[in-house]
Amino acid sequence: MSAYDVCSILDKYNKIIAWGAGGYFEYYHRLLEGKITYIVDRNVDLHGKKKVGIPIKPLAELEREQNKKECLIVVFNAQFDEIFAESQALGTFDIIDIKTIEALYERICGAEYHNYSEEGQLPVLICAGMHAMWEINGSRKFIDSQNGVLHRKGFNTLEVIPLKYYEECSCLKQYVAVSLNGKNWGILMIEDFIVQFSRVNSAIIHSLYYSHEILKILLEGIMVQKGILYYLHDYYCVCNNRFLYYQNKACLDQHNKLCCSRCNNRNEQKNIYEFHQNLFDKYNVKLIAPSQHTAMLVHQVYKNVETIVIPHLSFEETEYNKPHKKVERVAYIGGANRSKGWDEFKCIFGQLKNLYKFYCMGMYGKNDYIEEITYENVAIEQGKETLTMAEALKKNNIDIVFLGAIWPETFSYTYYEAFEAGCFVITNELSGNICNQVKVNQNGIILKNTADIIQWLSDKENVSNIVAKMNRKISEVKADESFLEYIKE
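Calculation rules
- Residues numbered from 1 in each chain as written.
- Predicted model: local features only at pLDDT ≥ 70, side-chain atom pairs only at ≥ 80, totals over all residues.
- Heavy atoms only, no water.
- Helix = DSSP H or I, 4+ residues; strand = E, 2+ residues; numbered from the N terminus.
- Rg over C-alpha atoms; globule rule 2.2 N^0.38 Å.
- Buried < 20%, exposed > 50% of the residue type's maximum accessible area, 1.4 Å probe, protein only.
- Contact = heavy atoms within 4.5 Å.
- Areas by Shrake-Rupley, 256 points an atom, 1.4 Å probe, with all protein chains shown as cover.
- Lys, Arg positive; Asp, Glu negative; His and termini not counted.
- Charge placed at Lys NZ, Arg CZ, Asp CG, Glu CD.
- Salt bridge = Lys/Arg side-chain N within 4 Å of Asp/Glu carboxyl O.
- Phe/Tyr/Trp six-rings, centres within 6.5 Å; stacked < 30°, edge-to-face > 60°.
- Lys NZ or Arg CZ within 6 Å of the ring centre and 35° of its normal.
- Core = buried A, V, L, I, M, F, W, Y, C linked by side-chain atoms within 4.5 Å.
- Arc of directions from axis to C-beta.
- 1 Å grid on protein atoms, 1.4 Å probe; cavity = no way out; pocket = protein on both sides within 12 Å on 5 of 7 lines; lining within 4 Å.
- Points joined across faces, edges and corners; volume = space filled by probe spheres on them.
- pLDDT = per-residue confidence, 0-100.
- Pairing = 2+ DSSP bridges.
- Right-handed = clockwise from strand over helix to strand, strands pointing away.

A. Quick peek at the overall build of the protein. Assigned secondary structure in the protein consists of 16 helices and 26 strands. Compactness check: the protein gives a C-alpha radius of gyration of 23 Å against a globular reference of 23 Å for 489 residues, within 12% of the reference. Across its three principal axes, the protein shows a C-alpha extent of roughly 65 × 60 × 50 Å. Residue burial in the protein is summarised as follows: out of 489 residues, 55% are buried. For the protein, contacts bridging at least 24 residues in sequence account for 66% of all contacts bridging at least 6. A total accessible area of about 22100 Å² is found for the protein, and carbon and sulfur atoms account for 46% of it. Separation of charge centres in the protein, based on 54 positive and 61 negative side chains, amounts to 3 Å.

Here you go:
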């Protein structure tokens, strides 16, 4: 692939339209400085306004485009597949992800291909979806920490991330961004990658909802000498609604049973199941669930595939002397988005802002800013200038952490960060492993809905008494290493 490719893509179009005016646009828009005609966004409050001098319009503006073939949509959002489907309902547009553009620009800006030799130890293939390239992300955090374990144990890693560019509703070419031991190696077409890297020691697959078809190409084209591990960061191998949340409802009944048989999306779900089942069987893939709850849900679909529970973290649990004090500070932690309960948190804040001091810690954009909420950025790992989540929680003396995921989380780093900081956790019945761990560790409360949470928090004296009794936390938190036995087989 030549360095000219990104320029040849952009120069084909008379209009470049940005999809999304949120935090990712704020961070990445400079890559297309002077090239963007307008922005489309779902948020009606932004319509008619401008961001960095560029007008923001409703999605319906795309339908009014007379020459759709001359327009390129650039997605400034991690949910590329969902946006791709939505954009095609508005017209036949070419579409590309801003992270793909960034990767292509990096190729221009000096990254050179390195000679690669298979002499010596074969690398561990690490394949992850595009979402793993976004900055604050639990999957990315886990992949980085796991790669660190592999490097410390003397393994080389070959990291592959698929990059997509859709032209006239079809994937024109499949490119992959390649790194060796965390250092950029280059960008190749998938066919060239398989020729260059024909053998690997083992393979670790992370959520490929962005480009699951690459899994078949890789496993058919590359000889994997040892184990193949498929990590369940979400439920994409079960359904394209990877959070098991569809049409504003959880895909589980009150007994935690999947509702696939009653879903009008079941044909797509069947296709995804058959695709993965065939690969899991043919290549003896092991499913790795970061929690027992996740394993239970996936086993309902893949009854004959070996599923191993390996939590992302290991730690020591201890009791500590917790002073009895009036609870004052409540924090939302993690990315400020709907799937994590941001809307519910805003509602809680609106009702109780005169009773507590509220915080937001994690990733948020200007559109998420609300007066009277204190915001703080956090680092994804130690050693950065910004505080880690656990450090920020301790520094700000947070009493209660709200973890209101509306889907069954497979793991949730934020839960363990709150536990490490000694914070009391409020969650709901839908939050998957968060709910499960609160039950096991008795370090919080599980309430049915937002109204119940508001009612419970309204009795501040009772809340303070209950929070004071929670005197357990974790320490010596580090990345799990037990997965190594499955790639040495």
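B. Just the pattern of salt bridges, in detail. On inspection of all chains with the given rule, the structure shows 18 salt bridges. The partner of Glu-26 in a salt bridge is Lys-51, with the nearest N and O atoms 3.1 Å apart. Here Glu-26, found in helix α2 (residues 23-28), pairs with Lys-51, found in strand β3 (residues 50-51); they are 25 residues apart in sequence, far enough to count as distant. One salt bridge in this structure joins Lys-346 and Asp-343, with 3.7 Å as the shortest N-O distance. One end of the pair, Lys-346, and the other, Asp-343, are both in helix α11 (residues 342-352), three residues apart, so they sit about a helical turn from each other. Judged by its relative accessible area of 37%, Asp-343 falls in the partly exposed class. A single salt-bridge network, built from bridges that share partners, covers Lys-57, Glu-61 and Arg-64.

C. Spatial organisation of the packing of aromatic side chains. One pass over the structure, following the stated rule, counts 24 aromatic pairs. Taking 5.3 Å as the distance between ring centres and 65° as the angle between the ring planes, the aromatic pair formed by Phe-280 and Tyr-302 counts as edge-to-face. Of this pair, Phe-280 sits in helix α9 (residues 266-282) while Tyr-302 sits in the loop between α10 (292-299) and β18 (307-309); the two residues are 22 residues apart in sequence, bridging distant segments of the chain. An aromatic cluster is defined as three or more aromatic residues linked by ring pairs; in this entry it consists of Tyr-332, Trp-342, Phe-345, Phe-349, Tyr-356, Phe-358 and Phe-402. A cation over an aromatic ring shows up here: Lys-57 above the ring of Tyr-38, its NZ or CZ 4.6 Å from the ring centre. Taking the ring centre of Tyr-356 as reference, the NZ or CZ of Lys-460 above it sits at 5.0 Å.

D. Broad picture of the nonpolar core. Counting residues in hydrophobic clusters, the biggest one holds 90 residues, and the most contacted among them are Phe-193, Val-238 and Leu-393. Sorting elements by how many residues they give to this core places helix α13 (residues 413-420) first, with five residues. Those residues within four positions of Leu-393 in sequence are excluded, and the remaining contacts are Ala-331, Ile-333, Met-361, Ile-398, Val-401, Glu-417, Ala-418, Ala-421 and Cys-423.

E. Molecular detail of the environment of Lys-473. Mapped onto the secondary structure, Lys-473 falls in strand β26 (residues 472-479). The spacing of Lys-473 and Ala-418 is 55 residues in sequence and 8.6 Å in space, taken between C-alpha atoms. Every residue in contact with Lys-473, bar those within four places of it in the chain, is listed here: Glu-316, Glu-317, Thr-318, Tyr-320, Phe-419, Glu-420 and Gly-422.

F. Quick look at helix α8 (residues 213-221). The complete set of buried residues in α8 reads Ile-214, Leu-215, Leu-218 and Leu-219. The arc enclosing the buried residues of α8, seen along the axis, measures out at 125°, which places them on a common side.

G. Representation of empty space enclosed by the protein. Applying the stated criterion across every chain yields a total of one cavity of 30 Å³ or more. Of the voids in this model, the largest cavity is the one considered here, and its volume is about 40 Å³. Around the largest cavity, the lining residues are Ser-207, Tyr-230, Tyr-231, Leu-232, His-233, Asp-234, Tyr-235, Tyr-236 and Cys-237.

H. Quick look at the confidence of the model for the protein. For the protein, the average pLDDT comes to 88, and 91% of its residues sit at 70 or higher. Low pLDDT, under 50, characterises residues 109-113; the stretch is placed with ten contacts to residues that sit more than four places away or in other chains.

I. Spotlight on the pairing of strand β17 (residues 286-289). Judged by which residues are buried, β17 turns out to be covered on both faces: Lys-286 and Ile-288 on one side and Leu-287 and Ala-289 on the other are all buried. Examined bridge by bridge, β17 and β18 share three bridges and lie parallel to one another. The residue of β18 that forms the bridge with Leu-287 is Thr-307. Read from β17 through α10 to β18, the crossover connection turns out right-handed.

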